[in-house]
Amino acid sequence: MATHLLLMADTHLPKRARDLPAQLWEEVERADVVVHAGDWVDVALLDDLEARSRRLVGVHGNNDHGVLRERLPEVARVEIEGVRFGVVHETGDRTGRERRCAAAYPDLDVLVFGHSHIPWDTTTDTGLRLLNPGSPTDRRRQPHCTYMTVTADGGALGEVALHRLPPRAG
């Protein structure tokens, strides 16, 4: 049976939004595993996601300090349904990203990252899948706030979907 993962990053609460969008909380309830690739900013979101997720995998980002850095690693590695996932906040400049990540993470099948707030989905020459879900609260120069869902089953990554969130009111 496939495992359903929810990928998010760069939530920046409460600076960019007071809370996650309702649609994202609904996805948290559905997901088998919630992955957060850093820049939480407020530990309250970590507490909420730990309480509401079946399983949470997270890392700290460059805007995370204090308790968040104490509770979260810089890099997380988990195997889910035979797929080797890694999570990190920063991967550096987009130029050369595939080459750098393939060299830095030869033990992974999928690397989830954040930092740029720009959705990203590529595969390196070595087969490493690079996924950035964008941000559900701070679209920056993107047309929409976003997050991703993916499935893992039988050692393979299934459907990867980028979801656009509706504009926030006010």
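Let me sum up the structure you'll find in this document. Within any chain, residue numbers begin from 1 and follow the written order of that chain's sequence. For this predicted model, a pLDDT threshold of at least 70 governs which residues receive local features, and a threshold of 80 or more governs which side-chain atom pairs are given and counted, while totals over whole chains, interfaces and linings are taken from all residues. Here the side-chain values reflect all heavy atoms present in the structure, with hydrogen atoms and water set aside.

### Focus: the overall build of the protein
Argument step 1. Secondary structure elements are taken from DSSP: a helix is a run of H or I of four residues or more, a strand is a run of E of two residues or more, and numbering for both begins at the N terminus. Across its full length, the protein holds four helices and 10 strands.
Argument step 2. In the protein, the order of α-helices and β-strands from amino to carboxyl end is β-α-β-α-β-α-β-β-α-β-β-β-β-β.
Argument step 3. Based on C-alpha atoms, the radius of gyration is set beside the globule rule, defined as 2.2 Å times the residue count to the power 0.38. Relative to the compact-globule value of 15 Å for 170 residues, the protein shows a C-alpha radius of gyration of 15 Å, a close match.
Argument step 4. Expressed along its principal axes, the backbone C-alpha trace of the protein runs to roughly 45 × 35 × 35 Å.
Argument step 5. For the protein, buried positions account for 48% of its 170 residues.
Argument step 6. Taking contacts inside the protein between residues at least 6 apart in sequence as the whole, the part at least 24 apart equals 54%.
Argument step 7. Under this rule, positive means Lys or Arg and negative means Asp or Glu; His and the chain ends count for nothing. By convention, charge coordinates are those of NZ in Lys, CZ in Arg, CG in Asp, or CD in Glu. Counting 21 positive and 26 negative side-chain charges, the protein places the centres of these two groups 6 Å from one another. Relative accessible area decides the class of each residue, using a 1.4 Å probe on protein chains only: under 20% of the type maximum gives buried, over 50% gives exposed, and in between gives partly exposed. Residue contacts are counted whenever heavy atoms from the two residues lie within 4.5 Å of one another.

### Quick notes on helix α2 (residues 43-52)
Argument step 1. Every buried residue of α2 is accounted for by L45, L46 and L49. Down the axis of α2, the smallest arc covering the buried residues is 100 degrees, so these residues share one side.
Argument step 2. Each element contacted by the buried residues of α2 is listed here: β1 (3-8), α1 (22-30), β2 (33-36), β3 (56-58) and α3 (67-71). It is the directions from the helix axis to the C-beta atoms that the arc portrays.

### With respect to the sheet that holds strand β4 (residues 75-80)
Argument step 1. Note: two strands are recorded as paired if DSSP finds a minimum of 2 bridges between them. Read from one edge to the other, the open sheet built from five strands follows the order β4-β5-β6-β8-β7, with strand pairing classed as mixed. The open sheet terminates on both sides in strands that have one partner only, identified here as β4 and β7 (120-123). Taken over all neighbouring pairs, the strand axes of this sheet differ in orientation by 15 degrees on average, direction set aside.
Argument step 2. In this sheet, strand β8 (residues 129-132) lies alongside strand β6 (residues 110-112) in parallel orientation, the contact comprising three bridges. Within the sheet, the bridge partner assigned to V112 lies in β8 and is L131. Note on geometry: axes are C-alpha line fits, over the in-contact stretch for helices, and angles between N-to-C directions span 0 to 180 degrees.

### Considerations on the sheet that holds strand β10 (residues 156-165)
Argument step 1. If you walk across this open sheet you meet the five strands as β3-β2-β1-β9-β10, and the pairing is mixed. The sheet is open, and its two borders are formed by β3 and β10, each paired with just one other strand. On average, adjacent strands in this sheet sit at an angle of 20 degrees to one another, irrespective of strand direction.
Argument step 2. Bridge count for β2 against β3 is three bridges, and the pairing is parallel. Each residue of the ladder has a partner; that of V34, found in β3, is L56.
Argument step 3. Where α1 meets the sheet, it contacts β1, β2, β9 (145-153) and β10, and its direction lies at approximately 145 degrees from that of β1.

### A word on the pattern of salt bridges
Argument step 1. By definition, a salt bridge exists where a carboxyl oxygen of Asp or Glu is found within 4 Å of a side-chain nitrogen of Lys or Arg. Applying the stated criterion to the full structure yields 10 salt bridges.
Argument step 2. The residue D138 makes a salt bridge to R16 at a minimum N-O spacing of 3.0 Å. A residue pair is termed long-range when its members are at least 10 positions apart, and D138 in the loop between β8 and β9 and R16 in the loop between β1 and α1 qualify at 122 residues.
Argument step 3. What makes R16 partly exposed here is its relative accessible area of 42%.
Argument step 4. Look at the salt bridges and you will find they share partners, linking R16, D138 and R140 into a network.

Distances and angles like these do not, on their own, reveal function.
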